[in-house]
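# Coordinate analysis (summary)
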Amino acid sequence: MTEPRVALFPGSFDPVTSGHEDIVRRALAFADRVVVAVSHSPTQSKKPMFSVEERVRMIRETFAGEPRVEAAEFQGLLVDYARRIGARVVVRGVRTVSDWEYEVQMAAMNRALAPDVETVFLAPAPEHSFVSGTLVRQVATLGGDVSRFVPAAVLRRLVREEPVPVVRPEEIV
Ligand code: PNS
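Quick notes on the rules
Residues numbered from 1 in each chain as written. Predicted model: local features only at pLDDT ≥ 70, side-chain atom pairs only at ≥ 80, totals over all residues. Heavy atoms only, no water. Helix = DSSP H or I, 4+ residues; strand = E, 2+ residues; numbered from the N terminus. Buried < 20%, exposed > 50% of the residue type's maximum accessible area, 1.4 Å probe, protein only. Contact = heavy atoms within 4.5 Å. Pairing = 2+ DSSP bridges. Right-handed = clockwise from strand over helix to strand, strands pointing away. Polar contact = N/O pair within 3.5 Å; in protein donor to acceptor, adjacent residues only side chain to side chain. Axes fitted to C-alpha atoms, helices over the stretch in contact; angles between N-to-C directions.

Within the protein chain one finds six helices and five strands. Along the protein chain, helices (α) and strands (β) appear in the sequence β-α-β-α-β-α-β-α-β-α-α when read from the amino end. Going through the 173 residues of the protein chain one by one, you find that 43% of them count as buried. Residue pairs at least 24 apart in sequence account for 77% of intrachain contacts in the protein chain once pairs closer than 6 positions are excluded.

On to the pairing of strand β2 (residues 33-39). The buried count for β2 comes to six of seven residues, which makes it a mostly enclosed element. Note that strand β1 (residues 6-11) and β2 share six bridges and pair parallel. Residue pairing in the sheet places Ala-7 in a bridge with Val-34 of β2. A crossover links β1 with its parallel partner β2, the connecting element being helix α1 (residues 18-27), and its sense is right-handed. When β2 meets strand β3 (residues 69-74), the two strands line up parallel, connected through six bridges. Following the sheet pairing, Val-36 is matched in β3 by Ala-71.

What follows concerns the side chain of Ser-132. Mapped onto the fold, Ser-132 is located in the loop between β5 (118-122) and α5 (133-141). There is a polar contact of 3.1 Å between the side chain of Ser-132 and the backbone nitrogen of Leu-135. Residues within four places of Ser-132 in sequence aside, it is in contact with Thr-17 and Arg-95.

With parallel pairing, five strands are arranged side by side in an open sheet as β3-β2-β1-β4-β5. Two strands lie at the open edges of the sheet, namely β3 and β5, each paired on one side alone. Shown here is a sheet whose adjacent strand axes are inclined to one another by a mean of 30°, direction ignored. Bridge count for β1 against strand β4 (residues 87-93) is three bridges, and the pairing is parallel. Across the sheet, the residue bridging to Val-6 is Ala-87, located in β4.

This next bit is on the environment of Glu-103. One can find Glu-103 in helix α4 (residues 97-113). Between the C-alpha atoms of Glu-103 and Gly-93, which are ten residues apart in sequence, the distance is 8.8 Å. The contacts of Glu-103, once residues within four sequence positions are left out, are Arg-92, Gly-93, Val-94 and Phe-121. A polar contact of 2.7 Å, which involves the side chain of Glu-103, links it to the side chain of Arg-92.

Quick look at the structure:
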């Protein structure tokens, strides 16, 4: 029997978005299993909105109906984790040219560290091309409607968050 093809989709997922969901579903076309893994060492230095545990839980709930998708968390180097779980492919979504520059650099570093782990870039459907965790956090915090941009498991948590109080111009002294 051939070994199952495991694809690792790593990220901050703060929170997981409909764009990430789209990428996972595309990866299932060529992988037997997709492990969506939240990194404890994020690229952003800002305080996260959700804890790693909460982010993993939201991913798990989002893909509850898909037995081939697993939610996980990892510490340390991505390539070490990939090898540990038997993933030969790392999946990353690319939306924009600026994504591309960052992603190519990261893929090259990962290849230098682990030539046996291949990075595969996937483009989301156009309707997700502007969706990011950062923008979702910002819009949700300011009271905007993000229901089209996040899975239900995330929306439930976001609407529970207190919106930022609106300050009227006349109140600013
Ligand atoms: O969603 P993000 O923040 O763009 O994901 C970035 C992530 C988590 C994939 C990246 O920072 C990462 O791989 N972190 C683990 C530590 C590591 O291996 N760093 C070297 C990668 S070149």
